[in-house]
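Given next are the chains, with one letter for each unit.
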Amino acid sequence: MTDNIRQNLIDAGCSEEFIEKFDSCICDESKCEKLLAEHRKELLDEVHEKEHNISCLDYLVYIMKKEGIQ
């Protein structure tokens, strides 16, 4: 695995365990793509969860303003 690929995986939030798993399948392009797709899905799930958290906070602020609670 090149240093650029390793750094990109680190920058993408991949754990050392994931990086080792990715490195072990580097010769099998389809397996690597599957691992990356799974990691991408996990990241996207986290984004959606955080978006929900933000929406809940926004709603709370709205209700507080509507009811005059500061």
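Residues numbered from 1 in each chain as written. Predicted model: local features only at pLDDT ≥ 70, side-chain atom pairs only at ≥ 80, totals over all residues. Heavy atoms only, no water.

Chemist: Teacher, can you tell me more about the packing of helix H2 (residues 16–24) against helix H3 (residues 29–66) here?
Modeler: The relative placement of two packed helices comes down to the angle between their axes together with the axis-to-axis distance. Taken N-terminus to C-terminus, the directions of H2 and H3 make an angle of 155 degrees; their axes are 9 Å apart at the nearest point. By the criterion of interaxial angle, the relationship of H2 to H3 is roughly antiparallel. For the pair H2 and H3, the sense of crossing is left-handed. Listed contacts from H3 to Phe18, Lys21 and Phe22 of H2 are Cys32, Leu35, Leu36 and His39. When grouped by side-chain class, the residues that make up the contact of H2 with H3 number five nonpolar, one polar and one charged. (Axes fitted to C-alpha atoms, helices over the stretch in contact; angles between N-to-C directions. Helix = DSSP H or I, 4+ residues; strand = E, 2+ residues; numbered from the N terminus. Parallel < 35°, antiparallel > 145°, perpendicular 65-115°, else oblique. Left-handed = near helix turned anticlockwise from the far one by under 90°. Contact = heavy atoms within 4.5 Å. Nonpolar A, V, L, I, M, F, W, Y, C, P; charged D, E, K, R; others polar.)

Chemist: What am I meant to see in the pattern of salt bridges here?
Modeler: Close approach of charged atoms allows side chains with opposite charge to pair. If you walk through the whole model with that rule in mind, you get two salt bridges. The salt bridge involving Glu16 is made with Arg6; its shortest N-O contact spans 3.3 Å. Here the residue Glu16 occupies a position in helix H2, and Arg6 occupies one in helix H1 (residues 3–11), the gap between them amounting to ten residues. Classification of Arg6 as partly exposed rests on a relative accessible area of 29%. In this structure, Lys41 engages Asp45 in a salt bridge whose closest nitrogen and oxygen atoms are separated by 3.0 Å. Taken together, the residues span about one helical turn, with Lys41 and Asp45 both in helix H3 at a distance of four residues. Residue class for Asp45 comes out partly exposed when judged on its relative accessible area of 38%. (Salt bridge = Lys/Arg side-chain N within 4 Å of Asp/Glu carboxyl O. Buried < 20%, exposed > 50% of the residue type's maximum accessible area, 1.4 Å probe, protein only.)

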